Amino acid sequence: MSRLENGGLDITKATPCKMKEETDTLHTEEDRFEDDLDCCTKSEEMDLKTALNECSVALSLFLNNKFSEALAVLRPWKEVSIYHAMGYSSILVMQAGMTFDPRDMQSAILALKDALNTCQKFRKRRSTVLETISYMLYNHEPEQMTEEEMHAELCYAEVLLQRAALTFVEDESMIGFIKAGLKMRTSYLIFKECETMLDQGKDSDTHIHFVGGVNMGIGSFNLMLSLLPARVLRLLEFVGFSGDKEVGLNHLRHGVATNSLRSILSTFTLLMFNIYITVILGTGECDIAEADALLEPYTHKFPNGALMLFYAARIAVLKGDFETAQRKFLECIAAQQEWRQIHHLCYWELMWTHSFQQDWLEAYRYADLLCKESKWSQAIYVFQKASILSMLSAEEVKTTDEDLVGLFRQVDSLRLRFAGKSVPTEKFAARKARRYNSSNPIKLVVPALEMMYVWNGFTIVGKRPELTQNLLLTIKKAEEDLKNDADPSLYHVDDQSLVQMLKGLCLRHLGCLEQAEQCFKYVISSEKSIKYDHYLVPFTMYELGLLYKLQGDVEKAITCIEKAKLNYKNYSMESRLHFRIHAALSSLTEPEKRRQEHMMPQKCTYD
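The text that follows walks through the structure, step by step, so that each part is easy to find.

Further remarks concern unusual backbone geometry. Residues other than glycine predominantly adopt negative phi, and peptide bonds predominantly adopt the trans conformation. Non-glycine residue Asn 259 carries a positive phi angle of around 55 degrees. Tracing the chain through its elements places Asn 259 in the loop between α12 (245-257) and α13 (263-280). The phi torsion at Val 446 lies on the positive side, around 35 degrees, for a residue other than glycine. When you line up the elements, Val 446 lands in the loop between α22 (424-433) and α23 (447-454).

A few words on helix α18 (residues 360-373). Helix length check: α18 (14 residues) gives 20 Å between terminal C-alpha atoms against 20 Å at 1.5 Å per residue, within 8%. Within α18, burial applies to Trp 360, Ala 363, Tyr 364, Tyr 366, Ala 367, Asp 368, Leu 370 and Cys 371. Contact partners of the buried residues in α18: α16 (322-335), α17 (340-356), α19 (378-389), α20 (394-400) and α23.

Now for the packing of α23 against helix α26 (residues 492-509). Contact geometry of α23 with α26 gives a least axis separation of 11 Å together with a crossing angle of 60 degrees. As far as their axial angle goes, α26 and α23 are oblique. The crossing of α23 and α26 is left-handed. On the side of α23, the interface is formed by Leu 449, Glu 450 and Tyr 453, while α26 contributes Leu 498, Met 501, Leu 502 and Leu 505. For the contact of α23 with α26, the class distribution of residues is 6 nonpolar, no polar and 1 charged.

With that settled, the discussion passes to the nonpolar core. Ranked by internal contacts, the top residues of the largest apolar core, which has 191 residues, are Tyr 83, Leu 449, Phe 458, Met 501 and Leu 502. Those residues in contact with Leu 502 that lie beyond four places of it in its chain are Val 446, Leu 449, Glu 450, Tyr 453, Phe 458 and Ile 475.

In contact at an axis separation of 10 Å, helix α29 (residues 554-566) and helix α30 (residues 574-589) are set at 160 degrees when each is read in the N-to-C sense. As summarised for this structure, α29 and α30 are arranged roughly antiparallel, according to the angle between their axes. Seen from above, α29 lies across α30 with left-handed handedness. Contacts between α29 and α30 pair Val 554, Ala 557, Ile 558, Ile 561, Glu 562, Ala 564 and Lys 565 from the former with His 578, Ile 581, Ala 584, Leu 585, Leu 588 and Thr 589 from the latter.

Here we take up the pattern of salt bridges. For the coordinates displayed, the defined rule picks out 27 salt bridges. A salt bridge links Lys 319 to Asp 292; its shortest N-O distance comes to 2.8 Å. Of the two residues, Lys 319 sits in the loop between α15 (306-318) and α16 while Asp 292 sits in helix α14 (residues 288-301), which places them 27 residues apart along the sequence. When its relative accessible area of 44% is taken as the criterion, Lys 319 is described as partly exposed.

Of note, Tyr 535 is situated in the loop between α27 (513-525) and α28 (536-550). Judged by relative accessible area, which is 2%, Tyr 535 ranks as buried. For the pair Tyr 535 and Phe 428, spaced 107 residues apart in sequence, the C-alpha to C-alpha distance is 10.0 Å. Here Glu 450 takes part through its side chain, which lies 2.5 Å from a polar atom of the side chain of Tyr 535.

Take Ser 263: it is sitting in helix α13. Exposure remark for Ser 263: the relative accessible area of 4% places this residue in the buried category. A polar contact of 3.0 Å, which involves the side chain of Ser 263, links it to the backbone nitrogen of Asn 259.

It is worth spelling out a negative patch on the surface at this point. A contiguous patch of negative charge, built from Glu 45, Asp 47, Glu 147 and Glu 148, is present on the exposed surface. Relative to the helices and strands, Glu 45 resides in the loop between α2 (16-40) and α3 (48-63).

Rules used throughout
- Residues numbered from 1 in each chain as written.
- Predicted model: local features only at pLDDT ≥ 70, side-chain atom pairs only at ≥ 80, totals over all residues.
- Heavy atoms only, no water.
- Helix = DSSP H or I, 4+ residues; strand = E, 2+ residues; numbered from the N terminus.
- Expected span 1.5 Å × (residues − 1).
- Buried < 20%, exposed > 50% of the residue type's maximum accessible area, 1.4 Å probe, protein only.
- Contact = heavy atoms within 4.5 Å.
- Axes fitted to C-alpha atoms, helices over the stretch in contact; angles between N-to-C directions.
- Parallel < 35°, antiparallel > 145°, perpendicular 65-115°, else oblique.
- Left-handed = near helix turned anticlockwise from the far one by under 90°.
- Nonpolar A, V, L, I, M, F, W, Y, C, P; charged D, E, K, R; others polar.
- Core = buried A, V, L, I, M, F, W, Y, C linked by side-chain atoms within 4.5 Å.
- Salt bridge = Lys/Arg side-chain N within 4 Å of Asp/Glu carboxyl O.
- Polar contact = N/O pair within 3.5 Å; in protein donor to acceptor, adjacent residues only side chain to side chain.
- Patch = residues over 30% accessible without salt bridge, like charges linked within 9 Å, V, L, I, M, F, W, Y side chains within 5 Å.
- Areas by Shrake-Rupley, 256 points an atom, 1.4 Å probe, with all protein chains shown as cover.
- Lys, Arg positive; Asp, Glu negative; His and termini not counted.
- Charge placed at Lys NZ, Arg CZ, Asp CG, Glu CD.

Below is the structure:
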């Protein structure tokens with residue numbers, strides 16, 4: 001019986017040809033791997049070409065949900081092969097990043113240390129530490145290295161970058177933060193050094209894998225750093241980094257096209273950028289066509305791969321096709337049972353798709369599963385669950401046997417710290433939950449919709465006018481309740497302003513720009529009366545700027561967004577807004593403006 005059948009969902013019958021092709025391909029690769037293994041087990045060394053072939057087999061196993069088998073391929077040679085060491089540690093890092101289990105973290109850190117030691121054995125020897133540092137910092141002619149030394153440099157940079165990422169989690173002190181930063185800088189400099197060696201070893205069979213790794217490394221650094229606000233990026237450029245979005249995208253696209261071991265890593269990086277980062281930290285304008293094109297070859301090769309199903313479902317979410325997305329997420333859950341942390345990613349997405357549809361009981365079910373199973377952010381999960389329950393009637397809440405007030409009161413104690421800092425969204429949730437700490441709790445107004453905005457969900461649900469109208473009806477009911485409140489609380493103006501901002505968002509997505517503008521201006525005019533939710537004014541000013549952009553008034557849009565950037569500070573989720581502002585200003589100031597039809601206002605679809 002297949003894993004899908006065990007999970008209660010059998011889709012293998014629907015795609016027998018694809019599954020047969022995948023199985024045949026994998027068996028061929030496994031047979032080739034066994035032949036290579038027979039050759040190399042006669043000695044304690046493994047040549048580079050064989051190592052790359054084996055790692056390719058391990059990667060195929062991993063993408064076919066055979067995670068333990070992939071590790072079993074890599075484990076025996078991780079102390080004598082740079083690619084086995086990097087592959088083995090990378091899988092453990094991915095697992096630790098998804099579980100946040102201390103034991104998984106420790107296993108990943110130990111594997112990374114071992115991988116660094118393995119890579120170090122094969123790196124080019126330099127006489128002194130000073131020579132090594134000066135070689136990395138100053139301009140010089142590309143150093144001649146052997147094929148193996150070039151790959152060792154590349155793998156060392158990749159492993160060091162992962163080690164830096166886990167250092168942020170492992171050591172929350174300022175010293176730990178500095179250590180992680182130095183590791184990242186060293187990794188970046190090595191990638192840059194590898195870039196100067198692209199002309200070496202072109203005749204080798206393994207050169208394409210080296211090129212693919214350089215493209216992935218340089219591309220990822222440039223793309224991620226380009227997201228940072230200009231003042232931060234200028235500082236990082238001063239200490240040797242660079243963050244050019246187009247350079248990053250071009251490198252990664254070349255990495256995808258190289259057909260190398262790391263091609264799929266470049267693909268996943270571009271997918272993450274397109275379907276997550278641009279939504280959460282940007283304006284929500286993502287390249288869905290590119291995401292579809294990137295994923296398409298892998299969905300054919302690994303039709304039952306959990307990661308492929310997950311990405312396909314997420315793309316459906318961004319298209320506004322929540323029904324297809326829900327089906328795909330359930331297929332992803334059923335596809336494998338070994339890495340349940342992938343299930344948690346699906347629960348998070350299912351919670352949101354049902355929230356977009358205002359199917360609150362179903363959304364609650366997935367929030368509850370996250371609270372029970374995932375360690376990623378208990379503060380967010382509990383606050384999210386309580387917020388969703390707040391959207392239900394008192395009678396419906398009773399059927400869940402949940403203590404709504406008690407849930408809100410738990411939030412602050414569940415917060416985490418990374419690199420010595422609080423997580424901004426957890427901090428925001430804890431502040432909102434304080435209303436419930438007193439003996440007479442003051443209810444939050446549409447908290448699930450407020451959190452939907454925090455994660456930029458209105459840009460997604462806005463693609464479905466009928467669902468946007470339904471949200472608007474819920475918001476207008478809250479507006480009416482506040483207007484008729486005979487005993488307004490201390491939070492009354494804050495709540496009114498929140499409702500007006502969310503109402504303006506719905507109206508803007510429905511094309512009712514003048515009405516939306518009135519809502520946004522109401523919030524801005526209430527600035528001096530807002531007592532607690534000071535984030536509302538700068539965020540609303542940013543949204544007003546996007547409205548002016550839709551109207552085609554670029555100058556007015558830039559002025560408004562710049563005001564949001566420069567005139568406010570020390571409010572909740574300030575850094576998140578600055579990321580969004582940076583993305584919005586970048587799109588407004590690009591030499592090639594958006595096509596005219598994207599700039600023109602839509603016809604209002606709401607009466």
